[in-house]
Amino acid sequence: MPGGNGAFARRAVLTAGLGIGVAGFAMTAAKGVPQLHVAVSFAVLVLVGELLRVNLPGDRDSSPIGGAAALAYSLLVALDNGTDAEHGVSTVIAVVFVAGVASALIHEALQRDARTTDLARRILATAAAAAAFRLVLVGSPLEDVAVGRRADQPLLAMAIAALVGIAVDLGLSAAVDSARKRAPFAPILRNEVTAQAPLSIATAATGILMALSVPVMGLWALLVFCVPLLVTQFSFRRFASISTTYRQTIRALSRVTEVGGYVEPGHARRVMTLSVAVGREFGLTDADLLDLEYAALMHDIGQLSLADPIPRGSTLTVAPSERRRIAQLGAEVIRTTGTLDRVAHIVESQASPYRKMRENADVDVPLAARIVKACSAYDDLVSTSREARGTRASWDALERLRMGMAFEYDPRVVEALTQVLQKAGDL
Amino acid sequence: MRELPPRARLYVLVVVLLAFGSAGVASMGFRGSWVELGALALLYGLATHFATPMGKNMGVSVGFIVALAAAAVIGPHGVGLIGLAGALHPVSGSGRTVKRFFNAAQFSLAALTAGLVFDALLGGDGTRNIAESSVPMVLLAAIAASLVYYVINISLIAGILSLTSELSLARVWAGNVSPVIVAYVGYGLLGLLMAQLYQEVGFLAAVLFLAPMLVARAAFANYAQLRETYDSTVRALVQAVETKDYYTRGHSERVSRVTEMIAREWGMREDRVQVIRIAGMLHDVGKLGVPTKVLQKQGKLNQLEFEAIKLHPLRGYEMLCEIDFLTEALSGVYHHHERLDGRGYPMGLQDEEIPEFARIIMVADAFDSMTSTRSYRLAKTVEEAVAELRRCEQVQFDPKVVDCLVAAVEKHGWEPHAEPFHGEKVTKEGRRIDSPVPVISTKQGLVAVTPPEPEEGERSARG
């Protein structure tokens, strides 16, 4: 689903998820809920899990406990009194739907984001897992009752079902994200997998464990196995909060060059936004995008070492050797952090042309550095001529970059930049 | 092994021989399935490998859960062999083979002893005795085993540390006993649960049980690493800002240190200490918006220049206001030039109106300014600075904060930051030998920038 309309992808997931949810609810309401106390216990756990959800870096919301409970209910084949679990796929959907709607209403009442798309995603993923489980186990995805009687060792089916659930969940999440960011699907999916895999594995393991233990320990197993998952969630929350702080701090401190009068107000921020969008066009990973973001924000930090600010802050007007010296000084500052070496390398290389006379492209100049270089030049050119030229300014600036494509600016970067500007409606 | 002193080498050898010997002897009493034992050993090794212990919490490992579960399921005799899989514990630096052997040995000894204690408390008949014992007894046995495992673990490590670092054994030991011991008791109970799962649901259930905990440990390790990175990044960026003014170099970091010292003495909660520490580091970041020649000007400032200076808390506030973590500290950055008598800037707040964070940063800022060399004067000694703060309390500073500073400096000491002053001679203590520029009167404020006549500054600050 590359490109496309962001709102459309989101609405499609929402309609499908809630549609299936309503259908499952209606079927269950018509037939009645078998073993009501079991259904209610799982619904309560899903609800609690959704209320305790954790926000991961990159605005990814996750509810490990809700996910584990939903998965466990779809995989449950027997109860502790020796009876079989009698619920089918529609009951599973109904339980997740009811708990999800209740949690959305509570979030709404507490004036927090209800995250209905995430709810729709959870319903679809759980339905897929429940259907896959029954398909592998008894050959019919919508089998209703007494699944357990026909299977002695459902572990393989459980594992396959859990993987199907994770795949649907991450796939849909990446599709919505890719449409929203107007970026290619494959790299976004890869980022999604990298970011979510550890927590997804912990969630799936706990879900399977609950389903395996309820026949032995009874419904207490649900509470007991929430504990390790809560610890996991707590660790992730701490990590997420320090990541956010780190990002916000670099963003804030990158403004020192503006406050000091070295560059135009907002320059660093604009170059960052543009660079990250261009980086997405190239399908960079989250980790590379973060380095790119930091490098773009701090690309002018070397100017702090200058006694007097360059007029209007644009390094376009200074001699190449001076430009290189400033980049070098900036890289030194960044290197003293001890951990941002890759960012320092990008900042250092941004003054170098992407290729030298009569040579091929310089492999020592990382793609991120070429992106920052072109985006920074573009922003300088646009802001110096915007007042006089109006909307023509963007075209003129791109034209100037194109004239530098022989050596200064990588043509692929300029091409990607043009696309980004077109998508954003700047051209 | 070459870098180890001979005594340490002997120690490692003894521990390794003891561990391998006792694991071997104990395993002769093992009657269970060797496949089961191998699987548990693998699980123990993996848990030890992935649950990276960090810093002070050395030796803490999810592996203990597996060790206790193994003691409960297959009896104590095989646990020594399982502990040898502790060789998979991550090691770094030189002499890795020796470290691996030592880890295998110390984990094995700890696991075997804990297993024997657990078994002895439950009647000592070897295996599968949880079900027959009473619940309180099983819990007691698990807790006792946890403590034994922990104590042996850190004692053996303290031994090698003390032999290689020449610190006394008691000191290393005391330095490593930590609240983590509580976590160990928790791990012991989880170990019981895992044993139960293993017996009633199966081995794979035990594996699944460990997954979330290993993921949690990995996330926590990432968190700890990023936290360190955060500090060094803020420090580096602040240093870059300070390159503009030779005489304030290192000021921010020192203010951060003093702020933290005061805050701890003040009895602040740990999370708020972390916030105010970073705020102390960033309190002057808005100075970058003030022209360098004004900052470095010697002598009195005119009205216009003083106005420029007075903007710096606002600039700092504007820059930092989007960092959520610092929300409470923003008031500290914005108001760190207020005075108790209301003659400070930017708002002219008085006494209790001045936020707690600002009152602390204010004192830390003044203290470091006075004890370091500036373009217009030399560094004072700690005693002189404290006397000066005392003289200005009630008027400028909160006496309670000054009390905390004095107490903290008495406890931890403070090295005045005396740099050579325009090439003039300065003694070791930072005392000037001769002063080319008279020290500016402290009536007008002790901070880095000396405002002009108070009446003028005051009116415009309030207007």
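Described in the following lines is the structure provided in the data block.

Definitions and limits used
- Residues numbered from 1 in each chain as written.
- Chains lettered and ligands numbered in written order.
- Predicted model: local features only at pLDDT ≥ 70, side-chain atom pairs only at ≥ 80, totals over all residues.
- Heavy atoms only, no water.
- Helix = DSSP H or I, 4+ residues; strand = E, 2+ residues; numbered from the N terminus.
- Buried < 20%, exposed > 50% of the residue type's maximum accessible area, 1.4 Å probe, protein only.
- Contact = heavy atoms within 4.5 Å.
- Areas by Shrake-Rupley, 256 points an atom, 1.4 Å probe, with all protein chains shown as cover.
- Arc of directions from axis to C-beta.
- Polar contact = N/O pair within 3.5 Å; in protein donor to acceptor, adjacent residues only side chain to side chain.
- Phe/Tyr/Trp six-rings, centres within 6.5 Å; stacked < 30°, edge-to-face > 60°.
- Patch = residues over 30% accessible without salt bridge, like charges linked within 9 Å, V, L, I, M, F, W, Y side chains within 5 Å.
- Salt bridge = Lys/Arg side-chain N within 4 Å of Asp/Glu carboxyl O.
- Buried area = accessible area lost by both parts, 1.4 Å probe.
- 1 Å grid on protein atoms, 1.4 Å probe; cavity = no way out; pocket = protein on both sides within 12 Å on 5 of 7 lines; lining within 4 Å.
- Points joined across faces, edges and corners; volume = space filled by probe spheres on them.
- Expected span 1.5 Å × (residues − 1).
- Disulfide = S-S within 2.5 Å.
- Axes fitted to C-alpha atoms, helices over the stretch in contact; angles between N-to-C directions.
- Parallel < 35°, antiparallel > 145°, perpendicular 65-115°, else oblique.
- Left-handed = near helix turned anticlockwise from the far one by under 90°.
- Nonpolar A, V, L, I, M, F, W, Y, C, P; charged D, E, K, R; others polar.

**Quick word on the overall build of chain A**
When helices and strands are tallied, chain A shows 16 helices and two strands. Principal-axis analysis of the C-alpha atoms gives chain A an extent of 80 × 45 × 40 Å. Within chain A, the proportion of its 427 residues that are buried is 54%. Within chain A, contacts between residues at least 6 apart in sequence are counted, and of these 69% link residues at least 24 apart. Surface accessibility of chain A: about 17,900 Å² in total, with carbon and sulfur atoms responsible for 61%.

**Observations regarding the overall build of chain B**
Assigned secondary structure in chain B consists of 19 helices and zero strands. Counting all 463 residues of chain B, 55% fall into the buried class. Residue pairs at least 24 apart in sequence account for 70% of intrachain contacts in chain B once pairs closer than 6 positions are excluded.

**Here we look at helix α13 (residues 303-310) of chain B**
Residues and elements named next belong to chain B. Those residues of α13 that fall on the buried side of the exposure criterion are Glu305, Phe306, Ile309 and Lys310. Along α13, the residues classed as buried sweep out an arc of 140° about the axis, all on the same side. If you check the start of α13, you find a side-chain oxygen 3.0 Å away from the backbone N of Leu304, and it comes from Asn302.

**Some thoughts on the side chain of Asp398 of chain B**
Residue and element names in this part refer to chain B. Along the chain, Asp398 falls in the loop between α17 (382-392) and α18 (399-412). Overall, Asp398 belongs to the buried group, its relative accessible area being 6%. At a separation of 2.7 Å, a polar atom in the side chain of Asp398 contacts the side chain of Arg359. Within the structure, the side chain of Asp398 is placed 2.9 Å from the backbone nitrogen of Lys400, a separation counted as a polar contact.

**A few points about the packing of aromatic side chains**
For any two aromatic rings, the description comes down to two numbers: the centre-to-centre distance and the angle of the planes. Within the structure shown, the criterion is met by 16 aromatic pairs over all chains. Residues Phe64 of chain B and Tyr149 of chain B carry aromatic rings whose centres are separated by 4.5 Å and whose planes lie at 40° to one another, so their mutual orientation is tilted. Of this pair, Phe64 of chain B sits in helix α3 (residues 63-74) while Tyr149 of chain B is found in helix α6 (residues 135-165), placing the two residues 85 residues apart along the sequence. Its relative accessible area of 0% is what places Tyr149 of chain B among the buried residues. Summarising the aromatic geometry, the rings of Tyr317 of chain B and Tyr334 of chain B are spaced 5.5 Å apart at their centres and angled 55° between planes, so their arrangement reads as tilted. Here Tyr317 of chain B is found in helix α14 (residues 312-320), whereas its partner Tyr334 of chain B is found in helix α15 (residues 327-334), with 17 residues between them in sequence. Classification of Tyr317 of chain B by relative accessible area gives partly exposed; the value is 33%. Within the aromatic cluster, the residues linked to one another by ring pairs are Tyr246 and Tyr294 of chain A together with Tyr230 and Phe325 of chain B.

**A word on the environment of Ala263 of chain B**
Residues and elements named next belong to chain B. Its place among the elements puts Ala263 in helix α10 (residues 251-266). For Ala263, a relative accessible area of 0% puts it in the buried group. With 66 residues separating them along the chain, Ala263 and Ala329 place their C-alpha atoms 13 Å apart. Residues in contact with Ala263, not counting those within four places in the same chain, are Met268, Val273 and Ile276.

**Points about a nonpolar patch on the surface**
Residue and element names in this part refer to chain A. A cluster of nonpolar residues, Val33, Leu36, Val40, Val44, Val48, Leu52 and Leu230, forms a patch on the protein surface that exposes about 540 Å² of accessible area. Ranked by the residues each element gives to the nonpolar patch, the list is headed by helix α2 (residues 36-51), at four residues. With respect to the secondary-structure elements, Val44 resides in helix α2.

**What about the interface of chain B and chain A?**
Each side of the interface is counted separately: chain B has 42 residues, and chain A has 45 residues. When the two sides are added together, the surface that chain B and chain A hide from each other amounts to roughly 3,900 Å², 78% of it contributed by carbon and sulfur. Area buried by chain B at its contact with chain A is led by Leu208, Leu237 and Met319 of chain B, which between them contribute 15% of it. Here chain B is connected to chain A by one salt bridge. Ionic pairing is found between Arg269 of chain A and Glu322 of chain B, a salt bridge with its closest N-O pair at 3.2 Å. On the surface where chain B and chain A come into contact, there are eight residue pairs in polar contact (both at pLDDT 80 or more). For the side of chain B that touches chain A, the elements supplying multiple residues, two or more each, are α8 (180-200), α9 (203-242) and α14 of chain B. At 24 residues, α9 of chain B tops the list of elements feeding residues into the side of chain B that touches chain A.

**Concerning empty space enclosed by the protein**
All names here are of chain A. Throughout the structure, instances matching the rule amount to nine cavities of 30 Å³ or more. Its boundaries defined by the atoms lining it, the largest cavity holds a volume of some 530 Å³. Ranked by the residues each element gives to the lining of the largest cavity, the list is headed by helix α5 (residues 116-138), at seven residues.

**Quick look at helix α2 (residues 34-50) of chain B**
All names here are of chain B. Helix length check: α2, at 17 residues, gives a terminal C-alpha distance of 24 Å against a target of 24 Å (1.5 Å per residue), a fit within 8%. Among the residues of α2, Glu36, Leu37, Leu40, Ala41, Leu43, Tyr44, Gly45, Ala47 and Thr48 are the ones counted as buried. The N-capping residue of α2, defined by a side-chain oxygen 3.2 Å from the backbone nitrogen of Val35, is Ser33.

**As for the state of the cysteines**
With the rule as written, the count across this model stands at zero disulfides over all chains. The closest cysteine sulfur to the non-disulfide-bonded Cys392 of chain B is located on Cys404 of chain B, 18 Å from its own sulfur.

**Describing unusual backbone geometry**
Residue Pro346 of chain B follows Tyr345 of chain B across a cis peptide bond; omega there is 5°. As for its position among the elements, Pro346 of chain B is in the loop between α15 and α16 (356-370).

**Some remarks on the pattern of salt bridges**
Pairs can form between side chains of opposite charge once their charged atoms are near each other. Inspection of every chain in the model, using the stated rule, returns 44 salt bridges over all chains. The closest approach of N and O atoms between Glu50 of chain A and Arg122 of chain A, which form a salt bridge, is 2.6 Å. Of this pair, Glu50 of chain A sits in helix α2 while Arg122 of chain A sits in helix α5, and the two are 72 residues apart along the sequence. The same class applies to Glu50 of chain A and to Arg122 of chain A, which are both buried. Its salt-bridge partner being Arg264 of chain B, residue Glu260 of chain B comes within 2.9 Å of it at the nearest N-O pair. Of this pair, Glu260 of chain B and Arg264 of chain B both sit in helix α10, separated by four residues, roughly a single helical turn. Look at Arg264 of chain B and you get partly exposed, because its relative accessible area is 41%. Each of Arg53, Asp61, Asp113, Arg115, Asp118, Arg121 and Asp169 of chain A takes part in one network of salt bridges that share partners.

**Concerning the packing of helix α5 (residues 96-121) of chain B against α6 of chain B**
All names here are of chain B. At a minimum axis separation of 8 Å, α5 and α6 run at an interaxial angle of 155°. One finds that α5 runs roughly antiparallel with respect to α6. Seen along the crossing, α5 lies across α6 with a hand that is right-handed. Among the residues making up the contact of α5 with α6, the classes are represented as 21 nonpolar, three polar and no charged.

**Describing the environment of Leu197 of chain B**
If you trace the backbone, Leu197 of chain B turns up in helix α8. A relative accessible area of 2% means that Leu197 of chain B is categorised as buried. The spatial distance from the C-alpha of Leu197 of chain B to the C-alpha of Ala23 of chain B is 26 Å, given a sequence separation of 174 residues. For Leu197 of chain B, the contacting residues outside a window of four places in its chain are Leu209, Ser213 and Phe225 of chain A together with Gly202, Ala205 and Phe209 of chain B.

**Overview of the packing of α9 of chain B against α10 of chain B**
All names here are of chain B. Two elements in contact, α9 and α10, have axes separated by 9 Å at closest approach and are oriented at 130°. Taken together, the axes of α9 and α10 are oblique relative to one another. For the pair formed by α9 and α10, the contact residues are Arg235, Val238, Gln239 and Glu242 on the first element and His251, Ser252 and Glu253 on the second. Counted by class, the contact of α9 with α10 contains one nonpolar, three polar and three charged residues.

**Some details on the environment of Phe42 of chain A**
Residue and element names in this part refer to chain A. Here Phe42 lies in helix α2. Accessibility expressed as a relative area gives 0% for Phe42, which makes it buried. Separated by 31 residues in sequence, Phe42 and Tyr73 have C-alpha atoms that sit 6.6 Å apart. Beyond its immediate chain neighbours, meaning those up to four positions away, Phe42 contacts Ala69, Ala72, Tyr73, Leu76, Val95, Leu219 and Leu222.

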